[in-house]
Amino acid sequence: MNIKPWTRVASGLFAVAWGGNEFTPLLVMYRHVEGFDQVSVDMLLAAYVLGIVPALLIGGPLSDRHGRRALMIPAPIIAMLGSALLALGSGSLTVLFIGRVFSGIALGLGMAVGTSWVKELSGRPYEPHPERVSGARRASLSLTAGFALGAAVAATLAQFAPLQTVLPYLINIVICIPTVFLVAGAPETRETGRHVGSLWSDLKIPAAKQHRFWFVVAPSAPWVFGCAASGYAILPALMAEVVGPDYGIAFSGLLCLVCLTFGFFIQPLGKRLDRDGSIRSLVVGMIAVVLGMLSAVFASATLSLPVVLVSAAILGCGYGLVLVSGLQEVQRIARVDDLAGLTAVFYSLTYIGFFVPMVLAVISEVTTYPWLFLSGAVIAVVCLGIMAYGKRHEVRELPARR
């Protein structure tokens, strides 16, 4: 069977994204079935960031020096270990926490190394018409598909199938097994064995110092998962009493599916809007973020099923546009030797947004969610202002097209 090289790596991205997000719609289950409080389950949601960020910041730069395959093959294996711990850890906050961290390590390696590898395999000599495709879009779509289907399948099994705390995670283990072999068969795109120097020198990312990255890309990055977490973690928790325990997990999975499906199908728009030197793709994404936050104000105030579904869809559009637009900027800014490293920095910033549910759960003790979402809309507008300032005052730093 003739499998395109980039799809081999994309399968690994899909599998680790599935494992990373299968837990999210089950927050309702752990809240009501296992008896964990809201702050604890939100802590478990954010726990895998503790695995993601080190894996991103170490794995990405090392793969720039030592090759993509050596850093990417372990990702689905570690994802299987994370899912196994989650399946076995029912009732134990500690085991679930460790499982989430392992899921995060797998996803971090996949996002930093796999995204860069897909981009390189979308160019010559692996792609006959590279001008017609986008490595950034291929990678972001693979991740989004894994996030969406992982959440939807896990929620369905947890709600309607037996072994609700075990079976959702076994599916990810089954999916990961063939991807190990698919990834192993992908061609290496980085020369290995030529670089010398310390580990510290490997971790340096010169492109991360650029004005455009910090004043244009960075202000938008946390909104990627800030939007996603609002749509499929916060809103389901607010709707739990309205939906009821009989359908709470399934409804959480539905919101995940709605949010990420809109995030998936909006991403080609980011490619069409993208132009060298322009930030209009990111700006449109941030406008969607503002609209998503405003829609969440009404959703959290009314707890109306149609309003909540519409809000999840708008938040998903913000997620998808900012994700693909940010990756396009990163792949434009990065040099050949630090593509994975800069991708890792970008993804690390995006995952700041995953702490939003836990932070808002604490702050909600003294205020209401409508006011919190309104504050989010205001902060997003401020970020848009920073991006406009950064674009206006940037020095032309973009490297020549490769």
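The rules we used
- Residues numbered from 1 in each chain as written.
- Predicted model: local features only at pLDDT ≥ 70, side-chain atom pairs only at ≥ 80, totals over all residues.
- Heavy atoms only, no water.
- Phe/Tyr/Trp six-rings, centres within 6.5 Å; stacked < 30°, edge-to-face > 60°.
- Buried < 20%, exposed > 50% of the residue type's maximum accessible area, 1.4 Å probe, protein only.
- Lys NZ or Arg CZ within 6 Å of the ring centre and 35° of its normal.
- Helix = DSSP H or I, 4+ residues; strand = E, 2+ residues; numbered from the N terminus.
- Arc of directions from axis to C-beta.
- Contact = heavy atoms within 4.5 Å.
- Salt bridge = Lys/Arg side-chain N within 4 Å of Asp/Glu carboxyl O.
- Axes fitted to C-alpha atoms, helices over the stretch in contact; angles between N-to-C directions.
- Parallel < 35°, antiparallel > 145°, perpendicular 65-115°, else oblique.
- Left-handed = near helix turned anticlockwise from the far one by under 90°.
- Nonpolar A, V, L, I, M, F, W, Y, C, P; charged D, E, K, R; others polar.
- Core = buried A, V, L, I, M, F, W, Y, C linked by side-chain atoms within 4.5 Å.
- pLDDT = per-residue confidence, 0-100.

## Here's the deal with the packing of aromatic side chains
Move 1: For the coordinates displayed, the defined rule picks out 12 aromatic pairs.
Move 2: Each ring, one from Y30 and one from F36, has its centre 6.4 Å from the other, and the planes form 20°; the classification is stacked. F36 matches Y30 in its accessibility class, with the two residues each being buried.
Move 3: The aromatic ring of Y48 is capped on one face by R100, whose charged end is 4.1 Å from the ring centroid.

## Re helix α18 (residues 356-363)
Move 1: Among all positions of α18, only P357, L360 and A361 are buried. Viewed end-on, α18 has its buried residues packed into an arc of 105°, placing them on one side of the element.
Move 2: Residues of α18 that are buried make contact with α3 (38-47), α12 (223-238) and α19 (369-392).

## Notes on the pattern of salt bridges
Move 1: Inspection of the entire model under this criterion finds four salt bridges.
Move 2: In this structure, the salt-bridge partner of R68 is E120, at a minimum N-O distance of 2.5 Å. Of this pair, R68 sits in helix α5 (residues 68-72) while E120 sits in helix α7 (residues 93-121), and the two are 52 residues apart along the sequence.
Move 3: When its relative accessible area of 0% is taken as the criterion, R68 is described as buried.
Move 4: Residue classification places E120 among the buried positions, given a relative accessible area of 16%.
Move 5: Note that R138 and E127 form a salt bridge whose closest N and O atoms lie 3.1 Å from each other.

## Some thoughts on the side chain of S122
Move 1: Note on placement: S122 falls in the loop between α7 and α8 (135-160).
Move 2: Among residues more than four places away in sequence, those in contact with S122 are W6, E127, P130, V133, G135 and R138.

## What about the packing of α7 against helix α17 (residues 339-350)?
Each pair of packed helices gets described by two things: the angle between the helix axes and the distance between those axes.
Move 1: Packing of α7 against α17 leaves a shortest axis separation of 8 Å and a crossing angle of 130°. Relative to α17, the element α7 lies oblique. Two packed elements cross with a definite hand, and for α7 against α17 that hand is right-handed. Together, M111, A112, T115, S116, K119 and E120 of α7 and L339, A340, T343, A344 and Y347 of α17 make up the contact between the two elements.
Move 2: Residues of the contact of α7 with α17, tallied by class, amount to six nonpolar, three polar and two charged.

## Observations regarding the nonpolar core
Move 1: Membership of the largest hydrophobic core comes to 117 residues, with the highest contact counts inside it found for L107, F225 and Y351.
Move 2: Beyond its immediate sequence surroundings of up to four residues, Y351 is in contact with Y48, V49, I52, L107, M111, F147 and F225.

## Looking at the environment of F213
Move 1: With respect to the helices and strands, F213 occurs in helix α11 (residues 211-217).
Move 2: A C-alpha to C-alpha distance of 9.3 Å links F213 and L342, two positions 129 residues apart in sequence.

## A few points about the confidence of the model for the chain
Move 1: Averaged over the chain, the pLDDT score is 87; the fraction of residues at 70 or greater is 93%.
Move 2: In this model, residues 397-402 is a region of pLDDT below 50 whose contacts with residues beyond four sequence positions or in other chains number 18 contacts.

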